[in-house]
Amino acid sequence: MEFQARRHSSSFIPVLVLLLSAALSLLGTLNAFKLVARGSMTHNDITVAAILNITAQVCKALAQQEGRDFVLAEDSLSVHSLSEACLFTDSVKSYQTAIAVISSRNAWVDLRHVLDEEYHFDDESFVRGRRLITRGLVAAKANIKQGNYRSAQLAAGEIMHTLQDFYSHSNWIELGNMNAFPTLIRADLDFDNIADINMPTCRNCEGDNCDNNILESVLAEQKITSGYFSLTSSSKPNGKCSHGTDADRTSKTDPRGGINKDAVDAEHGSLHPQAAQVAITATSQLLQDIRGAAGDADFLRFLGISRSSTSSGVVLCFVIDTSAGTAGVLAELKTLASSIASSQSDGNNKPDIYIVVPFNETGYGPLKKTTNSDKFIFEINSLSASGAVRNSSEPRQSLSALLLALTEAPSSSEIFVFSSGPPGDIYLKSTLTALIENSKSVVNFLLTNLSSDVASADLYRSLARTSGGQAIEITEKEFSQAVTVVTDSLTSARATLLQVVRDQGAPETFDFTVDSSVRTLLVYVTGDSLTFNITTPTGVGQKSEESVGHLGTIQKVGNFHTVRLTSPVTTGQWHVGVNSSQPYTLKAIGESTIDFFFDFVEVFQFPEPGFTSLHSRPRAGGNASLSVSVTGGSSVKVTAVTLFRVSGGTDTVQGVLGEQTDTGDYLVALDRLPDGPFYLQVRGENSSTSKASDRVFQRQSSTQLRSSTVAITAQESGDWTPGTNFTVDFTVSSTSISTSTGSSGNTVTVRHTNNRGFAMAYPGSLALGSGGQAEDKGTLSAPSDTPSGTAVTLVIEADSSTRTSDSNYVVMDLTVTAEETDVTPPECQPVTVNASCSSSDDDNNSSNCTLLTWDFTAVVSDGLHGSGVDRVSVREANGTLNTTSLPGSGGFNVTMASFTTSCCVQEVVLVAVDGVGNVGICLVRSGGGAEHLQGRVWLTAWVSMMGVIVTKALYS
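Model, not experiment: these values are computed from the prediction.

Parameters at a glance
- Residues numbered from 1 in each chain as written.
- Predicted model: local features only at pLDDT ≥ 70, side-chain atom pairs only at ≥ 80, totals over all residues.
- Heavy atoms only, no water.
- Pairing = 2+ DSSP bridges.
- Helix = DSSP H or I, 4+ residues; strand = E, 2+ residues; numbered from the N terminus.
- Axes fitted to C-alpha atoms, helices over the stretch in contact; angles between N-to-C directions.
- Buried < 20%, exposed > 50% of the residue type's maximum accessible area, 1.4 Å probe, protein only.
- Patch = residues over 30% accessible without salt bridge, like charges linked within 9 Å, V, L, I, M, F, W, Y side chains within 5 Å.
- Areas by Shrake-Rupley, 256 points an atom, 1.4 Å probe, with all protein chains shown as cover.
- Salt bridge = Lys/Arg side-chain N within 4 Å of Asp/Glu carboxyl O.
- Disulfide = S-S within 2.5 Å.
- Expected span 1.5 Å × (residues − 1).
- Core = buried A, V, L, I, M, F, W, Y, C linked by side-chain atoms within 4.5 Å.
- Contact = heavy atoms within 4.5 Å.
- Parallel < 35°, antiparallel > 145°, perpendicular 65-115°, else oblique.
- Left-handed = near helix turned anticlockwise from the far one by under 90°.
- pLDDT = per-residue confidence, 0-100.

### Details of the sheet that holds strand E10 (residues 530-535)
Item 1. In spatial order, the strands read E8-E14-E10-E11; together these 4 strands make up an open sheet with antiparallel pairing. Single-partner strands in this sheet number two, and they are strand E8 (508-514) and strand E11 (541-543). Strand after strand, the sheet turns through a mean of 20 degrees between neighbouring axes, direction not considered.
Item 2. As defined by bridge partners, E10 adjoins strand E14 (residues 572-580) across 6 bridges and the pair is classed as antiparallel.

Written out as structure tokens, the structure is:
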């Protein structure tokens, strides 16, 4: 029986994809804009260009509203130039991370859905391809509405790939279109100009020349078609076009050749530049639609950007013990929360997102997340110590609460757990370790009453050390002094210069480099019975016993030492000598614009060269690849990437650097990985510094990393709607298990965990067959009342039975999305315009325009069967907006909107969003003056523009 590529039911395909990848890596590229092709644009290029364009548009609109100029420091758009012009320099790292997540998910489509034609608009699968896009849009918007920004990034990145492929794989460009096709992101618009299955669309190419292989009848009738593609079969419907490339067997069958525009050397490569430019426009329109649904503030958060003048752009996440006997600690936390939330831009900036998760002996949650500081204070003040007076050794649900925090907080967040008792859910330790490694978040524990509970303290210390955080053990009286670690975290520009963990104490000296970008420097030392000495590059030192010295101040609270170095900080190589007989940790943190983020990645050659992020541990015993990105501008270059063991020693691995991209990304090749836990260190140079000795910088990962002989891949398929079950197929393999079927020890233990507490059905173990591999599936059940946009984090873990310390995991971000019942955008109809503006252009452009105003009223409705108008806002104009909801008969609701602005504003963009995120836009112009308004004629022209409805109010 012959296998037909991209035609399958619900069978599991990752293993097949990997086999095909290995077999066909030398056959050329297909199925998308190439990632590596001279003179061609890639999916990454297209995605980044669109994100930068939309970011600039949003920032320019906000600048106009704020009455300031939007000025780029560079001639072209870049992350650096936008961060300066948009005033988000403190959130550059999270912006670049968001771009990387979106781009990586875009590439993921080619790895995980290579055989699914609808993901690439191949085989004329236009209806199913459009549904993928519109369903993904619904998911992205619903996730943003619930504050699940990472899940929204994943949804957007995935559908961007399919959207972009339309312009490369269909004949849209050949039909003479130089604009994007808005129907692809609009489920309410008819898609009826598709070539019929029986309609011939192509002729044979003339040798290697395929420029004119599309039939004239298709072009004349403006019928949309795309190429058929198969890896294994040469058959296709009679007369149909093929995708093309050497790997496409259908391209060898009449009509021979192809029509793809993936690169300049493709069959229709002469049209590649046009296809890529229109793909950028289409991706920008998709982002504009998400922007309209989210509003500018949440749209920027979706992109990792915080612009508030009083916001530090960081996440403040508290996991709080409310057990009986914690009243004193809660009182201190309430004071701390009020101080943080009410602070202004004086060095203690406000966080951008607040998260609170309570727990006690009997339960945990609910998690509360907000961007409003007053709501945060309210949630903290609502907490109280509850329950009967019990022994402090009563187990708490602290790890369950931490699991919620790790899955709801953005990646690289800093989380603070306050606990006065042992954990009662220690079975979650391995799951928490997986989430920490995957998210790279830092977890700090402030622990009271645990001095005699060695086992519990060790568990908390282990999780803190894995994440690069602190396990601070104090008395309740010392609590107010220890919380300075919280206020220290309130800047997003914190970079780790050095991270050290020692499980056995011994005298040792550590070095780290301070470069000229480091504005402030902190050193944390956590441990009992230790002394240390810090020395500058010029030889000036200060001992741990000196609370005030030549270098700064040293504070000791419990087992926690904080060294605050006086600014400006001396550049060069610093030294810290530690003398301890007990385990300890050492961390040096600098406030700097230069930092890095990274992911282990899966590199693939088929269907095109590319890579996508791993959400598991890399495979032990072989080579590996890293994607490393740096912040700080175009002057910052990486010169070395090194992996070294947490325990120290000489076992280091030097990475081989690839070429840096425009977004600061490097692909790093590793010939092996260190044994045991390891850190990642990046060294480089900043050419913007005049003094050569100050250019060298050093940064290090806080998170401990590991490799594994166990590997897990997982694949979800289909939509997940409330009240339904969702199946996840997964494959487990191990290089450390005997390959003889039926041999002893030929099993792995499997665990599934999700952050929503949804019911699951899954195997508890797997017997690995020949080759040390097995496939199975698990099922999650979403209750019928699950809100649309609910993000579900699923962790699948597998433990090797032959190596008890060896395990691996895969972390999956899933979304429950309601079925689309309302796909029509709200409509807005201007009713009146009252203007006293001069008809003279010169007057309108002069300072006199600030003295005059004009206003309008408009009716906004969502139709008889719509989800209702959820929000009305004004874009790109200062003024006063008032809205009033007017319920009508038969469920028909309308909103009256009135807006007043100055005559300096020529036109106003009114944005209306319904309950499910459909966006309608009304453009209202001020007109020529009061005398013209009396005799005006309203002409409402509904036109399709940027994927939304635009109403143009024209006056005469």
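### Some points on the pairing of strand E19 (residues 636-645)
Item 1. A large share of E19 lies buried, amounting to 7 of its 10 residues.
Item 2. Summarising the sheet, E19 and strand E20 (residues 652-654) pair through 3 bridges and their orientation is antiparallel. Looking across to E20, one finds that Leu 643 is bridged to Val 653.
Item 3. Counted along the chain from E19 to the antiparallel partner E20, the turn is 6 residues long, and its residue Gly 648 has a positive phi close to 90 degrees.

### Observations regarding a nonpolar patch on the surface
Item 1. Together, Val 603, Phe 611 and Leu 667 line one region of the surface with nonpolar side chains, adding up to about 210 Å² of accessible area.
Item 2. With respect to the helices, strands and loops of the structure, Leu 667 is situated in strand E22 (residues 665-670).

### With respect to the state of the cysteines
Item 1. Per the counting criterion, the structure on display carries 4 disulfides.
Item 2. A disulfide bridge connects Cys 59 with Cys 86, and the sulfur atoms are separated by 2.3 Å. The sign of the S-S torsion, about 120 degrees, decides the handedness of the disulfide formed by Cys 59 and Cys 86: right-handed. Of this pair, Cys 59 sits in helix H2 (residues 43-65) while Cys 86 is found in the loop between helix H3 (79-85) and helix H4 (92-112), placing the two residues 27 residues apart along the sequence. Considered together, Cys 59 and Cys 86 belong to a single accessibility category, that of buried residues.
Item 3. Here Cys 202 pairs with Cys 241 through a disulfide, and the sulfurs are 1.9 Å apart. With the S-S bond torsion at 90 degrees, the cross-link from Cys 202 to Cys 241 turns out right-handed. Pair noted here: Cys 202 is in the loop between helix H6 (149-169) and helix H7 (216-220) and Cys 241 is in the loop between H7 and helix H8 (272-294), with a separation of 39 residues, a long-range link.
Item 4. Its relative accessible area of 8% is what places Cys 202 among the buried residues.
Item 5. Residue classification places Cys 241 among the buried residues on the basis of a relative accessible area of 1%.
Item 6. Among the cysteines around Cys 922, which has no disulfide bond, Cys 828 carries the closest sulfur, lying 3.2 Å off.

### Concerning helix H5 (residues 126-145)
Item 1. Here H5 spans 29 Å end to end across 20 residues, near enough to the 28 Å set by a 1.5 Å rise per residue.
Item 2. Most of H5 sits inside the fold, with 15 of its 20 residues counted as buried.
Item 3. Looking one or two residues past H5, Gly 147 carries a phi angle of roughly 80 degrees, positive in sign.

### Focus on the nonpolar core
Item 1. Of all hydrophobic cores here, the largest spans 92 residues; its most connected members are Tyr 95, Tyr 167 and Phe 302.
Item 2. When residues no more than four places from it in sequence are discounted, the contact partners of Phe 302 are Ala 98, Ile 102, Ile 144, Tyr 149, Ala 152, Gln 153, Ala 156, Leu 287 and Ile 290.
Item 3. Counting 33 residues, the second largest nonpolar core, distinct from the first, contains Val 329, Phe 418, Ala 482 and Val 485.

### Thoughts on the environment of Phe 606
Item 1. Among the structural elements, Phe 606 can be located in the loop between strand E16 (596-604) and strand E17 (610-613).
Item 2. Phe 606 sits 495 residues away from Leu 111 along the chain, and the two C-alpha atoms are 7.6 Å apart.

### A closer look at the sheet that holds strand E23 (residues 678-686)
Item 1. Read across the open sheet, the 4 strands follow the order E20-E19-E23-E24; overall the sheet is antiparallel. Each having just a single partner strand, E20 and strand E24 (696-700) make up the two edges of the open sheet. On average, each strand axis in the sheet is inclined to that of its neighbour by 25 degrees, with strand direction left out of account.
Item 2. Alignment of E23 against E24, held across 5 bridges, turns out to be antiparallel. Within the sheet, the bridge partner assigned to Arg 683 lies in E24 and is Gln 698.

### As for the packing of H5 against H6
Each pair of packed helices gets described by two things: the angle between the helix axes and the distance between those axes.
Item 1. The contact between H5 and H6 brings their axes to 8 Å, and the two run at 155 degrees. Accordingly, the angle class assigned to the pair H5 and H6 is roughly antiparallel. Both H5 and H6 take part in a crossing whose hand is left-handed. Within the contact between the two elements, H5 uses Phe 126, Gly 129, Leu 132, Ile 133, Gly 136, Leu 137, Ala 139, Ala 140, Asn 143 and Ile 144 and H6 uses Tyr 149, Ser 151, Ala 152, Ala 155, Ala 156, Ile 159, Thr 162, Leu 163 and Phe 166.

### A word on the pattern of salt bridges
Item 1. All chains considered together, the criterion is met by 41 salt bridges.
Item 2. We note a salt bridge from Asp 595 to Lys 93, for which the minimum N-O separation is 2.9 Å. Here Asp 595, found in the loop between strand E15 (584-591) and E16, pairs with Lys 93, found in helix H4; they are 502 residues apart in sequence, far enough to count as distant.
Item 3. Residue Glu 473 is joined to Arg 461 by a salt bridge in which the shortest nitrogen-to-oxygen separation is 2.7 Å. Separated by 12 residues along the polypeptide, Glu 473 in strand E6 (residues 471-474) and Arg 461 in helix H14 (residues 454-467) bring together distant segments of the chain.
Item 4. Of the residues examined, Arg 461 reaches a relative accessible area of 21% and is grouped as partly exposed.
Item 5. A single salt-bridge network, built from bridges that share partners, covers Arg 131, Arg 135, Asp 719, Glu 819 and Glu 820.

### Here we look at the environment of Pro 609
Item 1. Here Pro 609 shows up in the loop between E16 and E17.
Item 2. Residue classification places Pro 609 among the buried residues on the basis of a relative accessible area of 17%.
Item 3. Along the backbone, Pro 609 and Ala 107 are 502 residues apart, and their C-alpha atoms lie at a distance of 9.6 Å.

### Some details on the side chain of Thr 448
Item 1. Here Thr 448 shows up in strand E5 (residues 442-448).
Item 2. Setting aside its immediate chain neighbours within four residues, Thr 448 contacts Ser 419, Ser 420, Gly 421, Ile 474, Thr 475 and Glu 476.

### Focus on the confidence of the model for the chain
Item 1. Confidence in the prediction of the chain, expressed as mean pLDDT, is 86, and 88% of residues score 70 or more.
Item 2. Taken together, the stretch residues 344-348 has pLDDT below 50 and engages in 7 contacts with residues farther than four places along the chain or on a different chain.
Item 3. Taken together, the stretch residues 928-956 has pLDDT below 50 and engages in 82 contacts with residues farther than four places along the chain or on a different chain.

### Overview of the packing of H4 against H6
Item 1. As a packed pair, H4 and H6 sit with axes 7 Å apart at the nearest point and diverge in direction by 50 degrees. By the criterion of interaxial angle, the relationship of H4 to H6 is oblique. The interaxial crossing formed by H4 with H6 has right-handed handedness. On the side of H4, the interface is formed by Ala 98, Val 101, Ile 102, Arg 105, Asn 106, Trp 108, Val 109 and Asp 110, while H6 contributes Arg 150, Gln 153, Leu 154, Gly 157, Glu 158, Met 160, His 161 and Gln 164.

### A word on the pairing of E17
In the case of a regular strand, side chains alternate between the two sheet surfaces.
Item 1. For E16 and E17, the ladder comprises 4 bridges, and the chain directions are antiparallel. Considered in E17, the bridge of Phe 604 is made with Gly 610.

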